[in-house]
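# Breakdown of the fold
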Amino acid sequence: DQQVKQNSPSLSVQEGRISILNCDYTNSMFDYFLWYKKYPAEGPTFLISISSIKDKNEDGRFTVFLNKSAKHLSLHIVPSQPGDSAVYFCAASANFGNEKLTFGTGTRLTIIP
Amino acid sequence: ETGVTQSPTHLIKTRGQQVTLRCSSQSGHNTVSWYQQALGQGPQFIFQYYREEENGRGNFPPRFSGLQFPNYSSELNVNALELDDSALYLCASSFGAAGGETQYFGPGTRLLVL
């Protein structure tokens, strides 16, 4: 049972445009959500997070939006840069991040120069 | 500050064998979590060690076991290897028994079971 779903395995975006990566979850106990970025031959690195008490969190070019009623979150990257090309994982946790992380299957983002 | 390191980077084993993977946590961290990432999947939580004790376990059979040492480094042991154990094994260290952005991942060990 996939509790965190990333339905787009891949996404290509022109440099300078907005990249939107989507994630859906099914477990109502999840209240803390994170995005990780992974380059080949490296471990995932934390990008941005959001708690269920908020619906938006911004950090520079990265913004995460949370729609609790739809159990949906999205990561917006603007403007997209070639260095953003990587696999992006959505992850969720209960107890405000104090429980194990449940990851989605990832979306490979390719930024076209 | 030294990051999370894992050894070996790659490993080939045959079905039925046993394997030990190692992880050195980041300086100042006392918690290590292990994940299995199969091809085309996201990382799946195996278990977490906090101050040398198992602190939470995912849906993995008992042949997956671990240890954490006084210096907070950790081992993942898998007995009776099966073909489906072929995956990237990631460890992540953190300070305190928590998840989230406090987890720093190593580069992983890629295990192939033939």
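Each remark here, short or long, concerns the structure printed above.
What comes next is a walk through the structure.

Calculation rules
- Residues numbered from 1 in each chain as written.
- Chains lettered and ligands numbered in written order.
- Predicted model: local features only at pLDDT ≥ 70, side-chain atom pairs only at ≥ 80, totals over all residues.
- Heavy atoms only, no water.
- Phe/Tyr/Trp six-rings, centres within 6.5 Å; stacked < 30°, edge-to-face > 60°.
- Buried < 20%, exposed > 50% of the residue type's maximum accessible area, 1.4 Å probe, protein only.
- Core = buried A, V, L, I, M, F, W, Y, C linked by side-chain atoms within 4.5 Å.
- Helix = DSSP H or I, 4+ residues; strand = E, 2+ residues; numbered from the N terminus.
- Contact = heavy atoms within 4.5 Å.
- Pairing = 2+ DSSP bridges.
- Axes fitted to C-alpha atoms, helices over the stretch in contact; angles between N-to-C directions.
- Polar contact = N/O pair within 3.5 Å; in protein donor to acceptor, adjacent residues only side chain to side chain.

### Points about the packing of aromatic side chains
Scanning the model with the defined rule gives 12 aromatic pairs over all chains in all. Relative to Y49(B), the ring of F47(B) lies with its centre 5.4 Å away and its plane at 85°, an arrangement referred to as edge-to-face. Neither residue differs from the other here; F47(B) and Y49(B) are each classed as buried. What links up through ring pairs into an aromatic cluster is the set Y36(A), F46(A), F89(A), F103(A), Y35(B), F45(B) and F105(B).

### Quick word on the nonpolar core
Counting 23 residues, the largest nonpolar core has F33(A), W35(A), L73(A), L75(A) and Y88(A) as its most contacted members. At the level of elements, β3 (19-25), β4 (30-38), β5 (45-51), β7 (62-67), β8 (72-77), β9 (86-94) and β11 (107-112) of chain A are the ones that each hand at least two residues to this core. At four residues, β9(A) tops the list of elements feeding residues into this core. Filtering out sequence-adjacent residues up to four positions away, L75(A) remains in contact with S19(A), I20(A), L21(A), W35(A), L47(A), I48(A), F62(A), T63(A) and Y88(A). Counting residues in hydrophobic clusters, the runner-up holds 19 residues, among them C23(B), F47(B), V78(B) and L111(B).

### What to know about the sheet that holds strand β3 (residues 19-24) of chain B
Within a sheet, adjacent strands bond to each other through the backbone by hydrogen bonds, running parallel or antiparallel. Residues and elements named next belong to chain B. Strand order across the open sheet formed by four strands is β1-β3-β8-β7, with antiparallel pairing between neighbours. The open sheet has two edge strands, β1 (5-7) and β7 (64-68), and neither has a second partner. Strand after strand, the sheet turns through a mean of 20° between neighbouring axes, direction not considered. Relative to β3, β1 runs antiparallel, the two being bridged by three bridges. Among the inter-strand pairings, Q6 is bridged to a residue of β3, identified as C23.

### Here's the deal with the environment of S86(B)
Residue and element names in this part refer to chain B. Residue placement: S86 occurs in the loop between β8 (74-78) and β9 (87-94). Exposure remark for S86: the relative accessible area of 22% places this residue in the partly exposed category. A C-alpha to C-alpha distance of 9.0 Å links S86 and Q37, two positions 49 residues apart in sequence. Once you skip the residues sitting within four places of it in the chain, S86 turns out to touch L111, L112 and V113. At 2.8 Å, the side chain of S86 and the backbone nitrogen of V113 are in polar contact.

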